[in-house]
Amino acid sequence: MKPHYLTPLFSPRHVAVVGASDKPGSIGQAVFANLLAGNFQGKLYPVNLNHKVVAGMTAQPSVKLIEGPVDLAVVTTALRALPAIMKDCGKKGVRAVLLAKEFSDSEQLEREILNESMSIARHYGIRVLGPNVLGLMRPVAGFNASNYSSKVRSGNLALVSQSSALCTAMLDWADGKGIGFSSVISVGEALDVDFGEILDYLVADNFTQGILLHVHHIHDARRFMSALRAAARTKPVVVIKSGRFEDNVTGVTHSSNMVASGDVFDSALSRAGVLRVNTIAQLFTAAKVLAANYRVQGRRLAIVTNGIGPGVLAADSAYTYGVELAQLSESTLAVLNESLPRNWSHANPVDIIGDASPARFRTAVKACLDDPGVDGVLVLFTPQSGTDHLTTAQLMVGLQREAAKPMFLSWLGDARVSESRELFSKAKCAHFSAPEFAIEVFRNLAAYHHNQQLLLQTPGPLGGRQEEANVDLARRVINKAIREGRTILSERESKEVLAAFHIPVNPTRLARTEDEAVALAVKGGYPVVLKIDSPDIIYKSDVGGVELNLANETSLRQAFAAILERARALRPDAHIEGISVQPMRKRRFARELMVGVTHDEAFGPVITFGAGGIAVEVMQDRALALPPLNSYLVGNMIDKTRIGKILGAFKNLPPIDRNELESVLLHVSEMVCEMPEIREMDINPLVADEQGVIALDARIIVEKVKPDQRSYRHMAIMPYPTRMVKTAELTDGTPVVIRPVRPEDAEMQQQFVRNLSEESRYNRYMSSIKQLSQTMLVRFTQLDYDREMALAMIRTDESGCEEQLAVARFITDPDNESCEFALEVADRWQGRGIGFILMSSLFDAARGQGLKVMRGEVLAGNKGMLKLMHKLGFAVVTHPEDRALTIVTKQLAESPSDHAA
């Protein structure tokens, strides 16, 4: 595998320090001294315009004059010299620059100099980290290009931080705890290299087993989410966020008023499969536990203790942290009844009485571990008369080695149990000085497991439903409002859009006069509801603009006049279209819900769900999620809310039609995927009961958007590309389906590779692998459809089983204009036109992403593949560094049919 394109920045072999100095207290002196002291095995070159010798080494006045290659230039000089330095680096062929000095971003002149320097860097293809960074450290390689003066241990955690000050504090804290790092990367202002690309590099870095992120703000949410999801599929990622008080969610609807950007960030991290924590201590503790491969499969905790007081306090902590105390099964209770004293607690927490022997502890803990309703066990030991802390600890260490579920050990006290704690540390068991710390870690592990399940979800824009929305109708309604200079759709227009996406709505008709209202009521039947219809009045109830349950003409005429009078008095500036007439829906067992859409400046559209009615902002009962959604994600949203607990059978209320409710949320997800013009939306109330659901009121806020060649650019998460699913026929008449690869294809993909001949495996992977490693399998089946694509050709046999015949894939290069492809076809299916058909579909997918060039490497001896490349219109040349390889390149503006003849 070729090196990552950021290798010159993060693993350089030849480093120039521009501004290297012997002047005490200068950045140049600190950085160069750290590089010399770190036992860096590569070449170091001091660059100083005024001194010929720095730190006893010959210095050059310019990067251009250095003999030999330079991978990375670390710039520590004044900002005014930066454009000239960048030009010298470009002419020298330097591939990366680290701006290891703080610059002010408030001075207009400095900003102009930075912009000029970045323009020069882009011209020469130089990647830049910074400015305003602490520096860059790779302790595993003895590389320290920073001005941090204290010791940094080598380890398997990577630390990436936007704040230099916070980064130094975290490093000092970690050193005191004996925590080491594979990389420490200060991102700074991130004018060029940002979180996304850094995460890409760390995913491929074998020295990194866990990633710690400090994030303050996101420049490119799509790139951030894309890289974060890719990283979280193979390595645990823990995030600490600063700036929760900053709010990037603005709007006029209830949905917007109820959502803060910190909540959106939490939701985004959950979908990315990472863990968010709130303190530095939590950051490192969670990272250590996850990197040590501690995992739980749920949030049900059992507590085993020999002291009921500490056990109850631990249970209180579990309640505080939202950890569920496991309900022990009848079989577990039977084992405990047989083994424990008669006065044990007979419940969880399992109090096995103060004089518990080591054997009694082991019996109780093992019984809990064996219970299928338990996901983890907290063992709480108190030193009392008759107890043996060390032997008990030894038995727990042995039991943890046997158990598939994690144990969390808390030996209360200090000097009396110190020997046990030393034993736990040597055995690498999870042990804690107090039970609340253990419960907090368990809570985080449960949250991590939950988020990993969310990461596996790959919903398409249609939410998995087959009903096709009338997107053209919805767009006509929205575009009409935009052409008229309006951003707020009326209730009638909003319901038209909802109905186009198969969301049940209460019919709404406009009456401009009392007589028209009476005629509509007679036609539809009494009782009816009247509502003010004005693009300027969002909350109708605020102006007395709603009258319910009007049963006859007299009451209707009185209500019509009263609504207009109140509205004109309270909002004389408002343009009033008339009064809408709607059927009065009386549903005895109805629950009032609200479904909404709001917009976050970083992450785009956000879907909300919760209790509805006029007091929604007071109740604050809502869950939110980033689209696209599927049934799993929708169910997760509903279950998070308080109102969700009474949607089933509750007292005298029958259960609502939950399938219909889920269908509405899925169609809302589809709507925001397909309609980037929708900025905000409220469906309030959405009435749900055993008969179904119906939207009684709705309001949509829209805005004009710029056309974008790439689909779904307004969203932080790319949906499963359903549009790429198609059928085809091989030259022998075999019907096949071509579709993007999904996570659930992992076993089929593995079987496909196992069945390839040794020659085919070598041609594809350029090695003699027998099957894919777990990391490779995850990489090949859990895709980020925004920057990569894998199309599988599938045949369904007579028994209904799917067989993968071939797969073609590409991954986008950093320039976002070109991509690298690969193709493999099952041996027994070769010679039937598969390669041409599948590659043609891959070309279409790449063009759809706005890519212009596709390239790849083919073994020179792979004559069949080279023949196909010529047929598809690739230019084929010998690799300049390896004659056993050929480089094939195709301009995607061309159609493969141009070359088929």
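In this text, all values refer to a predicted model and were calculated from it rather than measured experimentally. By convention here, each chain's residues receive numbers from 1 onward along its written sequence. Reporting of local features is limited, given that this is a predicted model, to residues whose pLDDT is at least 70; pairs of side-chain atoms are given and counted only at 80 or more, and all residues count toward the totals for whole chains, interfaces and linings. Note: side-chain values were computed over all heavy atoms of the structure, leaving out hydrogens and water.

Considerations on the overall build of the protein
So, step 1. A count of helical and extended segments in the protein gives 29 helices and 37 strands.
So, step 2. Relative to the globule expectation of 29 Å for 901 residues, the C-alpha radius of gyration of the protein, 32 Å, shows essentially globular dimensions.
So, step 3. C-alpha atoms of the protein, sized along the principal axes, occupy 100 × 85 × 70 Å.
So, step 4. Partly exposed describes any residue whose relative accessible area lies between the buried limit of under 20% and the exposed limit of over 50%, with all areas from a 1.4 Å probe on protein chains only and scaled to the type maximum. Burial statistics for the protein: of 901 residues in total, 55% are counted as buried.
So, step 5. Any two residues whose heavy atoms approach within 4.5 Å are treated as being in contact. Of the contacts formed within the protein by residues at least 6 apart in sequence, a portion of 71% connects residues at least 24 apart.
So, step 6. Calculation of accessible area relied on Shrake-Rupley with a 1.4 Å probe; when residues are assessed, cover is drawn exclusively from the protein chains displayed. Within the structure as shown, the protein displays about 38,500 Å² of accessible surface, and the carbon and sulfur contribution to it stands at 51%.
So, step 7. We count Lys and Arg on the positive side and Asp and Glu on the negative side, and we leave His and both chain ends out. A charge is said to be at NZ when it belongs to Lys, at CZ for Arg, at CG for Asp and at CD for Glu. Here the protein contributes 99 positive and 102 negative side-chain charges, whose respective centroids are spaced 3 Å apart. The helix count covers DSSP runs of H or I at least four residues long, the strand count covers runs of E at least two residues long, and both are numbered beginning at the N terminus. Computation of the radius of gyration draws on C-alpha atoms alone. For the globule rule, the value is 2.2 Å times the number of residues to the power 0.38.

Re the nonpolar core
So, step 1. Grouping buried Ala, Val, Leu, Ile, Met, Phe, Trp, Tyr and Cys residues that are joined through side-chain atoms within 4.5 Å yields what is termed a nonpolar core. Counting 75 residues, the largest nonpolar core has Leu171, Phe181 and Phe408 as the members making the most contacts within it.
So, step 2. With 7 residues, helix α16 (residues 435–455) is the largest single contributor of residues to this core.
So, step 3. Every residue in contact with Phe181, bar those within four places of it in the chain, is listed here: Pro139, Val140, Val152, Arg153, Ser154, Gly155, Leu157, Leu159, Leu171, Ala174, Leu212 and Phe284.
So, step 4. With 60 residues, the next largest nonpolar core counts Leu6, Ala158, Leu624 and Leu626 among its residues.

Focus: empty space enclosed by the protein
So, step 1. Space inside and on the surface of the protein is sampled on a 1 Å grid over the protein atoms alone, with a cavity defined as a set of points where a 1.4 Å probe fits but cannot get out and a pocket as an open set with protein on both sides within 12 Å along at least 5 of 7 lines; lining residues have an atom within 4 Å of a point. Grid points are joined across faces, edges and corners, and a volume is the space filled by probe spheres set on the points. In the structure shown here, the tally under the stated rule is 2 cavities of 30 Å³ or more.
So, step 2. Together, 17 residues line the largest cavity, and Arg229, Ile717, Met718, Leu783 and Asp784 are the ones closest to its centre.
So, step 3. Among the residues forming the lining of the largest cavity, the class breakdown is 9 nonpolar, 3 polar and 5 charged. Under the grouping applied here, Gly and all other residues not named as nonpolar or charged are polar, the nonpolar ones being Ala, Val, Leu, Ile, Met, Phe, Trp, Tyr, Cys and Pro and the charged ones Asp, Glu, Lys and Arg.

Brief notes about the environment of Ala334
So, step 1. Looking at the secondary structure, you find Ala334 in helix α12 (residues 330–339).
So, step 2. When the C-alpha atoms of Ala334 and Ala367 are compared, they prove to be 9.7 Å apart, with 33 residues separating the residues in sequence.

Re the pattern of salt bridges
So, step 1. In the sections that follow, a salt bridge refers to a side-chain nitrogen of Lys or Arg positioned within 4 Å of a carboxyl oxygen of Asp or Glu. Per the counting criterion, the structure on display carries 51 salt bridges.
So, step 2. The closest approach of N and O atoms between Arg127 and Glu197, which form a salt bridge, is 2.7 Å. Placement of the pair is Arg127 in strand β7 (residues 127–129) and Glu197 in helix α6 (residues 195–204), with a sequence separation of 70 residues. The burial state of Arg127 is the same as that of Glu197; both residues are buried.
So, step 3. Taking the shortest distance from any N to any O, the salt bridge between Glu491 and Lys495 comes out at 2.9 Å. With Glu491 and Lys495 both in helix α18 (residues 491–500) and 4 residues apart, the pair spans about one turn of that helix.

Re the pairing of strand β29 (residues 698–702)
So, step 1. Counting buried residues along β29, 5 of its 5 residues qualify, which places the element largely inside the surrounding structure.
So, step 2. Here β29 shows no split at all, with Ala698, Ile700 and Val702 on one side and Arg699 and Ile701 on the other all buried.
So, step 3. Of the strand pairs in this sheet, strand β27 (residues 678–689) and β29 are connected by 5 bridges, and their pairing is antiparallel. Following the sheet pairing, Met681 is matched in β29 by Ile700. Think of it this way: DSSP has to see at least two bridges between two strands before they count as a pair.

Here we look at the sheet that holds strand β9 (residues 143–146)
So, step 1. The sheet built from 7 strands is open, its strands ordered β9-β8-β11-β10-β12-β13-β14 with mixed pairing. Edge strands, defined here as strands with exactly one partner in the open sheet, are β9 and β14 (275–277). Ignoring strand direction, the axes of neighbouring strands in this sheet form an average angle of 20 degrees.
So, step 2. Pairing analysis gives 3 bridges linking strand β13 (residues 237–241) to β14, with the strands arranged parallel. Counterpart to Val238 in the pairing with β14 is Leu275. Geometry is summarised by axes, namely lines fitted to C-alpha atoms with helices restricted to the contacting stretch, and by angles between N-to-C directions that run from 0 to 180 degrees.

A short note on the side chain of Arg591
So, step 1. Following the sequence through the fold, Arg591 ends up in strand β24 (residues 591–600).
So, step 2. For the buried Arg591, which has no salt bridge, the nearest side chain bearing the opposite charge is Glu690, at an N-O separation of 5.5 Å.
So, step 3. In protein, a polar contact means a hydrogen-donor-capable atom and an acceptor-capable atom, both N or O and within 3.5 Å, with residues adjacent in sequence counting only if both atoms are side-chain atoms; elsewhere, any N or O pair within 3.5 Å suffices. Of note is the side chain of Arg591, whose polar atom sits 2.9 Å from the backbone oxygen of Phe589.
So, step 4. In this structure the side chain of Arg591 is engaged in a polar contact, spanning 2.9 Å, whose partner is the backbone oxygen of Gly648.

Quick notes on unusual backbone geometry
So, step 1. With an omega of 0 degrees, the peptide bond running from Gly130 to Pro131 counts as cis.
So, step 2. Here Pro627 and Pro628 are connected by a cis peptide whose omega angle stands at 5 degrees.
So, step 3. One can find Pro628 in the loop between β26 (622–625) and α22 (631–640).
So, step 4. Despite not being glycine, Ile353 shows a phi value in the positive range, around 80 degrees.
So, step 5. Relative to the elements of secondary structure, Ile353 occurs in the loop between β17 (350–351) and α13 (358–370).
So, step 6. Although it is not a glycine, Lys651 adopts a positive phi angle of roughly 50 degrees.
So, step 7. By the secondary structure assignment, Lys651 is in the loop between α22 and α23 (658–674).
So, step 8. The exposure class of Lys651 is exposed, given its relative accessible area of 80%.

Functional significance is not addressed by these values, which are geometric in nature.
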